[in-house]
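Take a look at the letters that make up each chain.
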Amino acid sequence: MTRIELYHDKPKPFSWKGPFFFILTCIILTVGLLLFRHYYQSTIKIEAPAENLGSKVVIHLPNGQEVFTYENLIFEKDGKTYYKGERNTIDLTGGSVTYENWE
């Protein structure tokens, strides 16, 4: 045995076991997290609250137009009649309200 062989460490062969198990563990954890996320999001149910809109009414305006709406969307303020919609408010003063079953 020469001095170089005696005093220098021999290179160890590279083992693929460590990186293989690390990559396999990462893949298993990723798949598990994705499955858990999918299951958790599929169990969430968002339901809108039921609104009581009242009975159906038709408002006949003085200019001949008709407004088809529900009773609970109409309110009076300072002697005027208003329709309160989802995005707007319409003045219906002077119109006559009739209860009809419209479709």
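Remember, predicted model here, so these are calculated numbers, not experimental data.

### Here's the deal with the overall build of the protein
Across its full length, the protein carries two helices and six strands. Helices and strands in the protein line up, N terminus first, as α-α-β-β-β-β-β-β. Its C-alpha atoms give the protein a radius of gyration of 38 Å, more than 25% over the compact-globule value 13 Å for 103 residues. Structurally, the protein occupies a C-alpha span of about 115 × 25 × 20 Å along its principal axes. Across the 103 residues of the protein, 12% fall into the buried class. At a minimum sequence separation of 6, the contacts of the protein that also span at least 24 residues come to 39%. Carbon and sulfur atoms make up 59% of the accessible area of the protein, which totals about 9800 Å². Taking the 11 positively charged and 12 negatively charged side chains of the protein as two groups, their mean positions are separated by 25 Å.

### Some points on the sheet that holds strand S2 (residues 66-70)
In spatial order, the strands read S2-S1-S6; together these three strands make up an open sheet with antiparallel pairing. Where the open sheet ends on each side, the last strands, each with one partner, are S2 and strand S6 (96-99). On average, adjacent strands in this sheet sit at an angle of 30° to one another, irrespective of strand direction.

### Brief notes about a nonpolar patch on the surface
A grouping of Phe22, Ile23, Ile27, Val31 and Leu35 is seen on the molecular surface, where their side chains present a nonpolar patch of about 520 Å² in accessible area. Assignment of secondary structure puts isoleucine 23 in helix H2 (residues 17-42).

What counts, and at which threshold
- Residues numbered from 1 in each chain as written.
- Predicted model: local features only at pLDDT ≥ 70, side-chain atom pairs only at ≥ 80, totals over all residues.
- Heavy atoms only, no water.
- Helix = DSSP H or I, 4+ residues; strand = E, 2+ residues; numbered from the N terminus.
- Rg over C-alpha atoms; globule rule 2.2 N^0.38 Å.
- Buried < 20%, exposed > 50% of the residue type's maximum accessible area, 1.4 Å probe, protein only.
- Contact = heavy atoms within 4.5 Å.
- Areas by Shrake-Rupley, 256 points an atom, 1.4 Å probe, with all protein chains shown as cover.
- Lys, Arg positive; Asp, Glu negative; His and termini not counted.
- Charge placed at Lys NZ, Arg CZ, Asp CG, Glu CD.
- Pairing = 2+ DSSP bridges.
- Axes fitted to C-alpha atoms, helices over the stretch in contact; angles between N-to-C directions.
- Patch = residues over 30% accessible without salt bridge, like charges linked within 9 Å, V, L, I, M, F, W, Y side chains within 5 Å.
- Salt bridge = Lys/Arg side-chain N within 4 Å of Asp/Glu carboxyl O.

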